[in-house]
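Here are the chains, one letter per residue:
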Amino acid sequence: MVAVPDVAALRAMDPRALNRLEKTVADQFMGGLPWGSIAWGLGNLAVWLSLWPLTLSGLLPLWIAFPVAILNVMLSYLPSHEAQHRIIAREGEPLFWLNELVGYLSTIPLVLPYQVARLTHYEHHTHCNDPVLDPDIGTKAAGPWQSIANSIARRQPGSTAQSAYGDCLARLGTPEAQTAGLQALAAQLGYLGVLFAMAWTGHALEAALLWWLPRHIGVTYIEFFLSWAPHHPGTGRGRYRDTRAFRSAVGNIGSMGMQFHIVHHLYPRIPLMRTPAAYRALRPILEARGCDLEKL
Amino acid sequence: MRRILGGLFRIMPLLFGLGFLGPLVAQLLTLAGWAPPWGLAPLAVGMVIGGAWGGVAVLTGRWL
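A. Structural detail: the confidence of the model for chain B. On average, residues of chain B carry a pLDDT of 94, and 100% of them reach 70 or more. Per-element averaging of pLDDT across chain B places helix α1 (residues 2–10) of chain B at the bottom with 85 and helix α2 (residues 12–32) of chain B at the top with 97.

Here it is, written out as structure tokens:
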């Protein structure tokens, strides 16, 4: 491990030397295959898919399957997020197919196509907290309860937030973005098609408790912990100001590692499961730079 | 195509009310053992509730 001087010494350091040190420390946490995230993404989807035959055949009661499905949706985003940043493998590498497999499959319960997530997420990184260009700026809210209320309001049919990702893709205007838009349309129609078909074959309750309600609850959770909390108050701009570290009441696992989201924005290719260790190693540097680290 | 899809998504809450909420309400009524008045089928009640809710959501832009 690279030795990091104390905060006072770091503050006195030449800016270029500090940059080099920061990068050297961060580099220690990159690389390798994040098997945990791969197993998480594919395993989570397998569990969620298995709930359908298990409940429809009567082997598993719906009251057990419902909370499992909620958990599945909550867990479905982050493995895809690793793939979005090419953490599993980069284009041209032998395991790039696995990166894309995890990316495409893991967000199926969330009805968020991989390419839509990837392109809009890159825009979020590039324009974090920009009131116009950050596609996730709509999750900004004054406090935790307002964040939950805002998340529900954003899903109302008349909400302008409904078009935030579509507007972002239109702004990008590339063939890739157009394809992603078509994938979003297909995913939405497919999702509704499944719900309608299940409902009209006498399985509306199963569809409601395995997908419709879990998705609403899961989206609320994801918007709260993955978008609102790490960027709150959503006003800071720039590399060391647009995200923060925070101590979550539900801990690191309950907040899915988002306490250390500042590390992700600084070094997006550090795997999620290594961000706590990377944060601890980088903390004096971040403190010296005046980052918002709360009491973590 | 764009116009068709635009129109479809504009009235999607109504379609969702009829296509999903209606049968869902009917299934819940049946599970609860509640017999609708005037000999109405649970699905008919579900379609009225789902359709009305979806229609209001189209007009107001809000489910809740």
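B. Just the domain arrangement of chain A, in detail. Residues and elements named next belong to chain A. For chain A, the assigned domains read domain 1 (1–30 + 238–296) and domain 2 (34–206). The centre of domain 1, based on its C-alpha atoms, is set 27 Å off from the matching centre of domain 2. Each partner contributes residues to the interface: domain 1 has 11 residues there, and domain 2 has 18 residues. Note on domain 1 versus domain 2: buried area summed over both sides is about 1300 Å², and carbon and sulfur give 65% of it. Here domain 1 is connected to domain 2 by 0 salt bridges. Counting across the interface, domain 1 meets domain 2 through 8 residue pairs in polar contact (both at pLDDT 80 or more).

C. Looking closely at α2 of chain B. Residues and elements named next belong to chain B. Between the first and last C-alpha of α2 there are 28 Å, a value that for 21 residues agrees with the 30 Å anticipated at 1.5 Å per step. The largest bend in α2 is about 35°, located at L21, with the proline P23 one to four residues further on. Immediately beyond the C-terminal end of α2, within one or two residues, lies G33, with a positive phi of roughly 75°.

D. Inspection of a nonpolar patch on the surface at higher detail. All names here are of chain A. On the surface, a cluster of nonpolar side chains totalling about 280 Å² of accessible area is made up of L95, W97 and L101. Summarising the element assignment, W97 is placed in helix α6 (residues 96–106). By relative accessible area, W97 is classed as exposed at 52%.

The rules behind each value
- Residues numbered from 1 in each chain as written.
- Chains lettered and ligands numbered in written order.
- Predicted model: local features only at pLDDT ≥ 70, side-chain atom pairs only at ≥ 80, totals over all residues.
- Heavy atoms only, no water.
- pLDDT = per-residue confidence, 0-100.
- Helix = DSSP H or I, 4+ residues; strand = E, 2+ residues; numbered from the N terminus.
- Domains from an automatic or database assignment.
- Contact = heavy atoms within 4.5 Å.
- Buried area = accessible area lost by both parts, 1.4 Å probe.
- Salt bridge = Lys/Arg side-chain N within 4 Å of Asp/Glu carboxyl O.
- Polar contact = N/O pair within 3.5 Å; in protein donor to acceptor, adjacent residues only side chain to side chain.
- Expected span 1.5 Å × (residues − 1).
- Bend = angle between axes of the 7 residues up to and from the residue.
- Patch = residues over 30% accessible without salt bridge, like charges linked within 9 Å, V, L, I, M, F, W, Y side chains within 5 Å.
- Areas by Shrake-Rupley, 256 points an atom, 1.4 Å probe, with all protein chains shown as cover.
- Buried < 20%, exposed > 50% of the residue type's maximum accessible area, 1.4 Å probe, protein only.

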